[in-house]
Amino acid sequence: MSEVAVVGFAQAPNVRRTPGTTNGVEMLVPVFHRLLADTGLSKQDIGFWCSGSSDYLAGRAFSFIAAVDAIGAFPPIMESHVEMDAAWALYEAWVKIRTGEVDTALVYGFGKSSAGELRRIMAMQMDPYLMTPLWPDSIGVAGLQARLGIDAGLWTERDMAEVAASSRRAALSNPDAQLAGDTTAEELLKQPYLADPLRAHDCAPITDGAAAIILASGDKARDLCDKPAWISGFEHRVDTPLIGARDLTTSPSTIAAAKAAGVDGVQVAELHAPFTHQDILLRQALGLGEEVRVNPSGGVLAGHPMFAAGLIRIGAAAAEIRAGRADRALAHATSGPLLQQNLVCVLEGR
Amino acid sequence: MVTISSEPLSAPLDVGFDYTRSLGPVLGRFATGLRAHTIAGIRGSDGRVLVPPTEYDPVTAEKLTEFVDVGTEGVVQTWSWIAQPLAGQPLSHPFAWALVKLDGADTALLHAVDAGSPDRMSTGMRVRVRWAAEPVGSIRDIECFEPLDVEPTEREAGSGDPVTMLTTPIHLTYQHTASPEESRYLRGLAEGRLLGQRCPACNKVYIPPRGSCPTDGVPTEDEIELPDHGVVTTFCVVNVPFLGQRIKPPYVAAYILLEGADIPFLHLVLGCAADEVRMGMRVRAQWRPREQWGTTLENIDHFRPTGEPDAPYESYAQHL
Ligand SMILES: [Zn+2]
């Protein structure tokens, strides 16, 4: 089976609102051009294209098809789409390369979260019989999980504010971040509740954005760049959608995916934690010690483009390897309500 | 001279539709029970009582069949406070979301608690069901939960045939934005002009113009004003009535290739019998009265035959 590496990564700036269309074309065209220029590839060199996005976010059916225009998809291309975070599209592309069907793939994700009412739209991903008819908003539902952990003594509101403050400090060095600043937990805790026990800083900001990654196999990857970020472990798992039947203070699917991917010895981790308490929960589930640098990019609390944010974690972890700041890095992505589905990707420099 | 702005046009877009789903034996039993003011759980393979009931065991994936009725009072496992409820939620005044473990159940149900203020909420508090005024066999038959110190509201149970279907209305609102290229096209239409744009790489003329040429992946740029006549490249005769239809069938929906364009667009061909429309037929726009024009292709009511000889097949064969 072929070895697979990340050889290129580019993203659009994470911003509160873009003037573009919900099909993502305006954000994707410059991202593709930069990525192809960086790797010296042309679109004809790409064996497989795969994307992650959502029609509910776009407010239109088959929105991913309009996005294909951004590729310049003639002559015809081999293309696929997942209606979830593009980290899962990257998994599909990885399988395609592992099985020898292609030797390069370009994976992209995009979302214009500002177009609709994100808190309500997210109710569409819940159980359609028992939950969606109640229109549970994503922040209110996250508050249920946050309080369970607070009541169980696993984290405090202060711990949560510390996560937000450290995310914003880390984001000072990330030019694409939406929220960055030098702040303290004390300052943040003075703010009112958005959905008690969550304050605004506990929730990833509404963000428009897009990102893309190029994967390549063995020698192809070595030709394309000096230091490919090799994927040494890649797994995803899922928990029941019935949130009242799960232990919400931990994440069995993350634990299982991490075990299968082999996360021992990682020096840096990019976690997809849309809420501060989930950052703490994921560190515990993944068994990350104090020595592991978590979210040097600022993570998704500094910018959360829906359906691209998990892919960006893989890009950011790969960037740590490619820049020589780590030999072994972990990227995590989530999809579904309250960390229902989780993916773990381990990357290595060799 | 072109004076049209590329500033994106933007407008509210309301999307509404109903999902109608069949419930199956487990959720059907649960919904039928709610209408009759009882709450059914199901026994899992480990002996736990799952509420709401699941068709398959969440741990072993074994099929589950043993129903167990549970109480209509329970304990709040966790809660969050919603100071500003959103459209469609169970209550329109501030409330708590909660996971409620009903008496006799081992898992928790997501619903709203009407407590008045967050000071009156606590983990471990006991709550009871407040039934909806008109039960139909849905999770919304539970209007919400309420603290036990609130005076109970008497509500009539419903009855009837077993509930087998569930209809969930969906309403979502967006601020829809057209691309800069589309915005120029739409503003042109308001002036009675048909504006296409040429791809700088392949020179193809697109109408509507595109944010990205599907061949080259670059935005179209040079503006081309196109005439309001062209040919039918292909068409279909609509014979089937459907909801929202504005014209009585049979009628013709056709791809029209304007002269000078490299892509056809969909419009109506009227003004002749449906069975007279053919590939290559030359057609011209029938504009609505000027006072009705807006930033929409509906300014053209339809296309009608010009009566000129048909275009040769080779002239549009590349655009099918
Ligand atoms: Zn072109």
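Here the structure is a predicted model, which is why all the values come from computation and not from measurement.

1. As for the overall build of chain A
Working step 1: Counting its secondary structure elements, chain A contains twelve helices and 13 strands.
Working step 2: Since a compact globule built from 350 residues should have a radius of gyration of about 20 Å, the 19 Å found for chain A is in line with a globular shape.
Working step 3: Seen through its C-alpha atoms, chain A measures out along the principal axes to roughly 55 × 45 × 40 Å.
Working step 4: Scored against the burial criterion, the 350 residues of chain A give a buried share of 66%.
Working step 5: Long-range pairs, those at least 24 residues apart, make up 78% of the contacts in chain A between residues at least 6 apart in sequence.
Working step 6: Roughly 11,700 Å² of accessible area belongs to chain A as shown, and the carbon and sulfur atoms make up 52% of that amount.
Working step 7: The centroid of the 29 positive side-chain charges in chain A is displaced by 2 Å from the centroid of its 40 negative side-chain charges.

2. As for the overall build of chain B
Working step 1: Looking only at helices and strands, one finds two helices and 18 strands in chain B.
Working step 2: Since a compact globule built from 320 residues should have a radius of gyration of about 20 Å, the 30 Å found for chain B marks it as more spread out than a globular shape.
Working step 3: Projected onto its principal axes, the C-alpha coordinates of chain B cover approximately 80 × 45 × 40 Å.
Working step 4: Sorting the 320 residues of chain B into buried and exposed places 43% on the buried side.
Working step 5: Across chain B, the fraction of contacts at a sequence separation of at least 24, relative to all contacts at a separation of at least 6, is 58%.
Working step 6: Carbon and sulfur atoms make up 51% of the accessible area of chain B, which amounts to about 15,500 Å² in all.
Working step 7: For chain B, the distance from the average position of its 27 positive side-chain charges to the average position of its 42 negative side-chain charges is 2 Å.

3. What to know about the packing of aromatic side chains
Residue and element names in this part refer to chain A.
Working step 1: This model, assessed by the stated rule, comprises ten aromatic pairs over all chains.
Working step 2: Taken together, a centroid distance of 5.1 Å and an interplanar angle of 80° make the contact between Phe32 and Tyr108 edge-to-face. Residue Phe32 is found in helix H1 (residues 25-39), and its partner Tyr108 is found in strand E4 (residues 104-112); the two are separated by 76 residues along the sequence. Here Phe32 matches Tyr108 in class, with each residue buried.

4. Some remarks on the coordination of the zinc ion
Residue and element names in this part refer to chain B.
Working step 1: Coordination of the zinc ion by the protein involves Cys199 (SG), Cys202 (SG), Cys213 (SG) and Asp216 (OD), with metal-donor separations of 1.9 to 2.3 Å.
Working step 2: Because the angles between the four donor atoms bound to the zinc ion fall within 100 to 114°, the donor set is best described as tetrahedral.
Working step 3: Assessed through its relative accessible area of 26%, Asp216 is described here as partly exposed.

5. Let's talk about the domain arrangement of chain A
All names here are of chain A.
Working step 1: Under the domain assignment used here, chain A contains domain 1 (4-117 + 206-229) and domain 2 (121-205 + 230-349).
Working step 2: Every contact between the two is made by 50 residues of domain 1 and, on the other side, 39 residues of domain 2.
Working step 3: When the two sides are added together, the surface that domain 1 and domain 2 hide from each other amounts to roughly 3,600 Å², 67% of it contributed by carbon and sulfur.
Working step 4: Counting across the interface, domain 1 meets domain 2 through zero salt bridges.
Working step 5: Inspection of the domain 1/domain 2 interface yields 14 residue pairs in polar contact (both at pLDDT 80 or more).
Working step 6: The element that contributes the greatest number of residues to the side of domain 1 that touches domain 2 is strand E7 (residues 206-217), accounting for nine residues.

6. Some points on the pattern of salt bridges
All names here are of chain B.
Working step 1: Within this structure, the stated rule accounts for 35 salt bridges over all chains.
Working step 2: For Arg130, the salt bridge goes to Asp114, with nearest N and O atoms at 3.1 Å. Here the residue Arg130 occupies a position in strand E8 (residues 126-131), and Asp114 occupies one in the loop between strand E7 (109-113) and E8, the gap between them amounting to 16 residues.
Working step 3: We classify Asp114 as buried; its relative accessible area is 14%.

7. Notes on unusual backbone geometry
Negative phi characterises most residues that are not glycine, and trans characterises most peptide bonds.
Working step 1: With an omega of 0°, the peptide bond between Val51 of chain B and Pro52 of chain B qualifies as cis.
Working step 2: Of the consecutive residues Pro249 of chain B and Pro250 of chain B, the connecting peptide bond is found in the cis state with omega at 0°.
Working step 3: With respect to the secondary-structure elements, Pro250 of chain B resides in the loop between strand E14 (229-238) and strand E15 (251-258).
Working step 4: Here the phi dihedral of Asn295 of chain A falls at roughly 50°; this positive angle occurs in a residue that is not glycine.
Working step 5: With respect to the helices and strands, Asn295 of chain A occurs in the loop between strand E10 (293-294) and strand E11 (304-305).
Working step 6: The backbone of Asn203 of chain B sits at a positive phi, close to 65°, despite the residue not being glycine.
Working step 7: With respect to the secondary-structure elements, Asn203 of chain B resides in the loop between strand E11 (194-198) and strand E12 (205-206).

8. Some details on the interface of chain A and chain B
Working step 1: On the chain B side, the residues contacting the 53 residues of chain A number 60 residues.
Working step 2: Interface area for chain A against chain B, summed over the two sides, is near 4,400 Å², with a carbon-plus-sulfur share of 63%.
Working step 3: Across the chain A-chain B interface, the total number found is one salt bridge.
Working step 4: Elements with a contribution of two residues or more to the side of chain A that touches chain B: H1, helix H2 (55-58), helix H5 (118-121), helix H6 (138-151) and strand E5 (193-195) of chain A.
Working step 5: The dominant element in the side of chain A that touches chain B, judged by the number of residues it contributes, is H6 of chain A, at six residues.
Working step 6: Looking at the side of chain A that touches chain B residue by residue, the class counts come to 30 nonpolar, eleven polar and twelve charged.

9. Quick notes on the environment of Pro249 of chain B
Residue and element names in this part refer to chain B.
Working step 1: With respect to the secondary-structure elements, Pro249 resides in the loop between E14 and E15.
Working step 2: Residue Pro249 is classed as partly exposed on the basis of its relative accessible area, which comes to 21%.
Working step 3: Residue contacts for Pro249: discarding those within four places in its chain leaves Val238, Asn239, Val240 and Pro241.

The rules behind these values
Residues numbered from 1 in each chain as written. Chains lettered and ligands numbered in written order. Predicted model: local features only at pLDDT ≥ 70, side-chain atom pairs only at ≥ 80, totals over all residues. Heavy atoms only, no water. Helix = DSSP H or I, 4+ residues; strand = E, 2+ residues; numbered from the N terminus. Rg over C-alpha atoms; globule rule 2.2 N^0.38 Å. Buried < 20%, exposed > 50% of the residue type's maximum accessible area, 1.4 Å probe, protein only. Contact = heavy atoms within 4.5 Å. Areas by Shrake-Rupley, 256 points an atom, 1.4 Å probe, with all protein chains shown as cover. Lys, Arg positive; Asp, Glu negative; His and termini not counted. Charge placed at Lys NZ, Arg CZ, Asp CG, Glu CD. Phe/Tyr/Trp six-rings, centres within 6.5 Å; stacked < 30°, edge-to-face > 60°. Donors = N, O, S within 2.8 Å, 3.2 Å for Na, K, Ca; no water. Tetrahedral: all angles 85-135°; square planar, octahedral: opposite > 155°, others 65-115°. Domains from an automatic or database assignment. Buried area = accessible area lost by both parts, 1.4 Å probe. Salt bridge = Lys/Arg side-chain N within 4 Å of Asp/Glu carboxyl O. Polar contact = N/O pair within 3.5 Å; in protein donor to acceptor, adjacent residues only side chain to side chain. Nonpolar A, V, L, I, M, F, W, Y, C, P; charged D, E, K, R; others polar.

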